[in-house]
Amino acid sequence: MVNDCSPGLLRVASVQLRPEFGDNAANLEKARTCIEEAGSEGARLIVLPELANTGYVFASREEAYGLAEEVPGGTTCVALTALAAELDVHIVIGLAERSGQALFNT
């Protein structure tokens with residue numbers, strides 16, 4: 001059997017960052033900096049941690065809901081989608097998501 005797939009190399013970056021709890025804007029900037037660095041070093045798939053947009057640990061459902069974002073229209077998704085296109089990379093990020101009254105660890 002002939003393998004028609006071309007062998008290739010995919011550089012993957014696993015980013016560990018410490019989100020500031022409740023500071024989504026600062027967390028987005030940290031993520032952006034790490035993604036740009038990984039992309040400049042050749043990573044094409046860049047993976048960030050769970051709840052990278054909000055940090056941990058919520059005191060209540062209301063607190064989580066207030067920090068969660070809509071997907072795909074929330075600030076983090078919109079910004080990282082644009083950054084992924086600009087850098088020609090794929091980004092995986094764990095987000096606190098809200099949809100209607102529902103909450104998700106997406």
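Everything below is about the structure printed above this text.
Residues numbered from 1 in each chain as written. Predicted model: local features only at pLDDT ≥ 70, side-chain atom pairs only at ≥ 80, totals over all residues. Heavy atoms only, no water.

### Concerning helix 3 (residues 75–87)
Part 1 of the reasoning: Relative to the 18 Å expected for 13 residues at 1.5 Å per residue, helix 3 spans 18 Å between its end C-alpha atoms, a close match to the ideal helical length.
Part 2 of the reasoning: When we look at burial in helix 3, the residues that qualify are Thr76, Cys77, Ala79, Leu80, Leu83 and Ala84. Across the axial projection of helix 3, the buried residues extend over an arc of 165 degrees, all falling on one side. Turned more than 90 degrees away from the buried face of helix 3, the exposed residues are Thr75, Thr81, Ala85 and Glu86.
Part 3 of the reasoning: Considering only its buried residues, helix 3 is in contact with helix 1 (24–40) and strand 3 (90–92).
Part 4 of the reasoning: Immediately downstream of helix 3, the backbone of Asp88 shows phi near 55 degrees, a positive value. (Helix = DSSP H or I, 4+ residues; strand = E, 2+ residues; numbered from the N terminus. Expected span 1.5 Å × (residues − 1). Buried < 20%, exposed > 50% of the residue type's maximum accessible area, 1.4 Å probe, protein only. Arc of directions from axis to C-beta. Contact = heavy atoms within 4.5 Å.)

### A few points about the nonpolar core
Part 1 of the reasoning: Membership of the largest hydrophobic core comes to 19 residues, with the highest contact counts inside it found for Ile35, Ile46, Leu48, Leu80 and Ile93.
Part 2 of the reasoning: Of all the secondary structure elements, the ones that give two or more residues to this core are helix 1 and helix 3.
Part 3 of the reasoning: In terms of residue count, helix 3 provides more of this core than any other element does, 5 residues in total.
Part 4 of the reasoning: Setting aside residues no more than four positions away along its own chain, Leu80 makes contact with Leu28, Ile35, Ile91 and Ile93. (Core = buried A, V, L, I, M, F, W, Y, C linked by side-chain atoms within 4.5 Å.)

In short, the description is geometric, and any link to function would need to be established separately.
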